[in-house]
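Observations on chain architecture
Here's the letter readout for the chains.
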Amino acid sequence: MPVPWFLLSLALGPSPMVLSLEKLVGPQDTARCSPAFSCHLWDGDMLCLPGSIVSTPGPVLVPTRLQTELVLRCHQETDCDLCVRVVVHLAVHVLPGHWEEPEDEEQFGRAADPEPEEPQNGSLQAQVVLSFQAYPTARCVLLEVQVPAALVQPGQPVGSVVFDCFEAALGAEVRIWSYTQPRYQKELNFTQQLPDCRGLEVRDSIQSCWALPWLNVSADGEDVHLVLDVSENQRFGLSLYWNQAQNPTKPWWHRNLTGPQTITLNHTDLVPCLCIQVWPLEPDSVRTSICPFVNDRRAHRNLWRAVRLQLLPPRGWRLEAPCSLPAEATLCWQIPGWGSCQPLVPPLPRENVTVNKALEFPLLKGHPNLCVQVRNWEKLQLQECLWSDSLGPLKDDMLLVETRGPQDNRSLCALEPSGCTPLLSKASTRAAHFGEQLLEDLQSGQCLQLWDDDLGALWACPMDKYIHQRWALVWLACLLFAAVLFLLLLLKKDHVKAAARGRPALLLYSAEDAAFERLVGALASALCQLPLRVVVDLWSRRELSAQGPLAWFHAQRLQTLQEGGVVVLLFSPGAVALCHEWLQDGSSASRAHGPHDAFAASLSCVLPDFLQGRAPGRYIGAYFDSLLHPDAVPALFRAMPVLALPSQLPDFLRALQGPRAPRHRRLADKAEQVSQALQSALNSCIQPPGIQETGREMGPEAGDRT
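Predicted, not measured: the structure shown is a model, and the values here were computed from it.

**Observations regarding the overall build of the protein**
- The number of helices and strands found in the protein is 14 helices and 37 strands.
- Here the protein holds 706 residues, and the buried ones make up 44% of them.
- Residue pairs in contact within the protein that sit at least 24 positions apart in sequence constitute 67% of those at least 6 positions apart.

**Examining the sheet that holds strand β4 (residues 38-41)**
- As summarised here, the arrangement of the 5 strands in space is β4-β8-β7-β10-β11, forming an open sheet in which the pairing is antiparallel. Of all the strands in the sheet, the pair left with one neighbour each is β4 and β11 (188-193). Taken pair by pair, the neighbouring strands of this sheet meet at an average axis angle of 20°, ignoring direction.
- With 6 bridges connecting them, strand β7 (residues 123-134) and strand β10 (residues 173-180) associate as antiparallel partners.

**With respect to the side chain of R557**
- Positionally, R557 belongs in helix α10 (residues 549-562).
- Note on R557: relative accessible area 12%, which makes it buried.

**Examining the sheet that holds strand β2 (residues 22-25)**
- Across the sheet, which stays open at both edges, the 5 strands sit in the order β2-β5-β6-β9-β3 with mixed pairing between neighbours. Of all the strands in the sheet, the pair left with one neighbour each is β2 and β3 (30-33). Between one strand and the next, the sheet's axes are offset by a mean angle of 35°, whatever the strand orientation.
- In the sheet, β2 pairs with strand β5 (residues 60-76) via 4 bridges, with the strands oriented parallel. Residue pairing across strands places L24 opposite R73, the latter belonging to β5.

**Topic: the pattern of salt bridges**
- Counted by the stated rule, this structure contains 20 salt bridges.
- The closest approach of N and O atoms between D164 and R85, which form a salt bridge, is 2.5 Å. With a gap of 79 residues between them, D164 in strand β9 (residues 157-167) and R85 in strand β6 (residues 79-93) connect regions that are remote in the sequence. For the pair D164 and R85, one class covers both residues: buried.
- One salt bridge in this structure joins R557 and D609, with 2.6 Å as the shortest N-O distance. Placement of R557 in helix α10 and of D609 in helix α12 (residues 598-611) is noted, with a sequence separation of 52 residues between them.

**What about the nonpolar core?**
- Ranked by size, the top nonpolar core spans 55 residues in total, and within it L238, L274, L319, L325, W333 and V372 carry the most contacts.
- Counting residues per element, this core draws most heavily on strand β14 (residues 235-242), which supplies 4 residues.
- Once residues lying within four places of it in the same chain are set aside, the contact partners of L238 are L228, W253, H254, R255, L257, I263, I276, Q277, V278 and W279.
- L21, V84, L143 and A168 belong to the second-largest nonpolar core, a separate cluster that totals 38 residues.

**Considering the confidence of the model for the protein**
- Across the protein, pLDDT averages 78, with 81% of residues at or above 70.
- Here strand β1 (residues 3-6) is the element of the protein with the lowest mean pLDDT, 33, and strand β35 (residues 619-624) is the one with the highest, 92.
- Ignoring residues within four places in sequence, the model shows residues 102-120, a span with pLDDT below 50, making 26 contacts including any to other chains.
- A low-confidence stretch, residues 588-592 (pLDDT under 50), is modelled with 13 contacts involving residues beyond four sequence positions or located in other chains.

**What about the pairing of β10?**
- Sheet analysis places β10 next to β11, joined by 6 bridges and oriented antiparallel. Residue I176 lies in a different strand from β11, and its bridge partner there is F190.

**Thoughts on the state of the cysteines**
- Scanning the entire structure with this criterion turns up 9 disulfides.
- Note on cysteine connectivity: C275 is disulfide-linked to C291, with sulfurs 1.8 Å apart. Looking down the S-S bond of the C275 and C291 bridge, the torsion is 100°, so its handedness is right-handed. Taken together, the residues span a long stretch of sequence, with C275 in strand β17 (residues 274-280) and C291 in the loop between β18 (288-290) and α2 (297-306) at a distance of 16 residues.
- For C275, a relative accessible area of 0% puts it in the buried group.
- Residue C447 pairs covalently with C461 via a disulfide, S to S 2.0 Å. Measuring the twist about the S-S bond at about 110°, one finds the C447-C461 disulfide to be right-handed.

**Re the packing of aromatic side chains**
- Counting across every chain of the model gives 7 aromatic pairs.
- Measuring from ring centre to ring centre gives 4.6 Å for F132 and F166, while their planes differ by 10°; the resulting arrangement is stacked. One end of the pair, F132, is in strand β7; the other, F166, is in strand β9, and 34 residues separate them in sequence.
- Here F163 and F166 contribute two aromatic rings whose centre-to-centre distance is 4.6 Å and whose plane-to-plane angle is 45°, an arrangement assigned as tilted. The residues F163 and F166 share a single accessibility class, namely buried.

**Here we look at the environment of R618**
- In this structure, R618 sits in the loop between α12 and β35.
- As for R618 and T560, which are separated by 58 residues in sequence, their C-alpha atoms are 9.4 Å apart.
- Aside from chain neighbours lying at most four places away, what touches R618 is R557, L561, V566, V567 and D609.

**Here's the deal with α2**
- All of the buried residues along α2 are A299, N302, L303 and W304.
- Looking at the buried side of α2, the elements it contacts are β25 (370-376) and β26 (379-384).
- With a side-chain oxygen positioned 3.3 Å from the backbone nitrogen of R298, the residue opening α2 is D296.

**Describing unusual backbone geometry**
- Between D164 and the following residue, C165, the backbone shows a cis peptide bond with an omega angle of -15°.
- Tracing the backbone shows C165 in strand β9.
- For the peptide bond that leads from Q181 to P182, omega is 5°, which places it in the cis range.
- Here P182 lies in the loop between β10 and β11.
- Although it is not a glycine, A36 sits at a positive phi angle of roughly 75°.
- As for its position among the elements, A36 is in the loop between β3 and β4.
- Backbone geometry at N356 places phi at a positive 55°, although glycine is not the residue there.
- Mapped onto the elements, N356 comes out in the loop between β23 (351-352) and β24 (359-360).
- According to the relative accessible area criterion, N356 is partly exposed, its value standing at 27%.

Thresholds applied
- Residues numbered from 1 in each chain as written.
- Predicted model: local features only at pLDDT ≥ 70, side-chain atom pairs only at ≥ 80, totals over all residues.
- Heavy atoms only, no water.
- Helix = DSSP H or I, 4+ residues; strand = E, 2+ residues; numbered from the N terminus.
- Buried < 20%, exposed > 50% of the residue type's maximum accessible area, 1.4 Å probe, protein only.
- Contact = heavy atoms within 4.5 Å.
- Pairing = 2+ DSSP bridges.
- Axes fitted to C-alpha atoms, helices over the stretch in contact; angles between N-to-C directions.
- Salt bridge = Lys/Arg side-chain N within 4 Å of Asp/Glu carboxyl O.
- Core = buried A, V, L, I, M, F, W, Y, C linked by side-chain atoms within 4.5 Å.
- pLDDT = per-residue confidence, 0-100.
- Disulfide = S-S within 2.5 Å.
- Phe/Tyr/Trp six-rings, centres within 6.5 Å; stacked < 30°, edge-to-face > 60°.
- Polar contact = N/O pair within 3.5 Å; in protein donor to acceptor, adjacent residues only side chain to side chain.

Written out as structure tokens, the structure is:
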């Protein structure tokens, strides 16, 4: 039995946190005001034209505060709409020095009224405008208010006027403004997020809330179950999306379903911004959203595992993450052989970083020893040396820090693990020992300038010539001898190892459904019976989840090619669609695909090999002839052999094994064995549609990713 983790009811019903709303009968708007006030609501809506602020000729009524209250406007007992009641609090406003105590009410009325007409009964009057916006509705109404002179005190509240009411949709964001006509001050504004069906006692009153499904979320081991308990014939939409604060909502999975259903998520899919939206498939139905993993610790750990730093040439960078997160980034200098990275406050001070937004380093040049540290609540979460891939491994360079002060005062020191050591000092450090040589290199232009501004500069000076110049010849002879000996041993070892272990083969495919994954697994298992070493993501899910699809593929591809292996691209309808999508949009498959889809993640590394002519000898293409037409394979991939399975299995096996392929008769026997191993899984893939979706439990991989 699954252990309840937490239960979220999206169905409606009374609870201590549910609001019971007042019901208004009839479609007419009304206005009422405080005792002794007189108020009138003008018929019909008006144009929302605030106009410019004008000076007050005397005491005037102005709105000082807005309040709202939710009510129901009902046409029948069970046919109601959500409505926003607005309360406008009023006060007397007068400029300093303009207030004189009137001798009588008649004199007060003449002094207070900015209009040409004389006020009746010595009262102060105002025209108050209420402007309301809630997509797709926009309204403006005019309220005329009169206050007796006896209640008027400058700067003091005198009462309020109540307007019933502005209709709005459940869950909508409403904005309300209030000002007088003419306008004597800046308009008041008020923004409110209206609740949906979950927070209101309206199940029997608002028809759009009748058919909401029940949603329970529970955990069972490493799986999370979304259980939707609705009637057998009710159809509804379910969407899983990433709610990103600084970016538009990013859909992850969407499908139209018929209840009841159970959706299973792996715990590695959980991130704090993963939200669930559910709605009945009916016209104008209410969509209810919930984000249940905001405070879940596993979701926060998964989020940091998914964070990636990306270098955007020439000097740009980006922090990629599925959710917004509080993070600070700074540059640091990584000294080879030392664990800690030395922070560089200039040129990049510690500052908050917006995820998925391109930023720029204030640098002149990149360097493999320059790294980026990302911290969260003072804890180091991520560190990457972004230039190491393009500029090579860490270098034994000395970083010189030049500090510039007032009156052209300059100081120069070398950054070491113990701190910044002044050059030409008597300290027993490497920088102090080579201080004069480093100054000469700096003056002769042998150091690379990384950063320069009014505060100072950073220079990277090579140290290799000082470390090895005394022992260069001895080391060279030793290294040559060791290299020759090592090469002989390596050649012998590789020959024995290759004969024993077989040629490595990295198998890439697009994970379309469970049946196709079983077919891929059957192919990989059958190939393992040959002198081949097969690598496939089906057998490396733990490493794939820990490293991410792109990092995992990059490491496996590099190892496979270094060992003389081959990368097999297994084409399917889904794989072909991903290739066309990448070629048309120029996207590196960063869209919402499954967390284990190595094929989608690998396109950014695979396609450049074909575009630059490096594919022959490294890649082999294959497809199942009963699942894909030969012409469906994109023309770009014709640079490598593309073979049909199982009809061209002998040629496929010969290409896989390369020069060590067995003779023709033995190869035909091996091909027959592989074909028999594939037959059962292949038959399950070509069954008529509908046979595979008879169960009530499915995962997001079975849905349509959007």
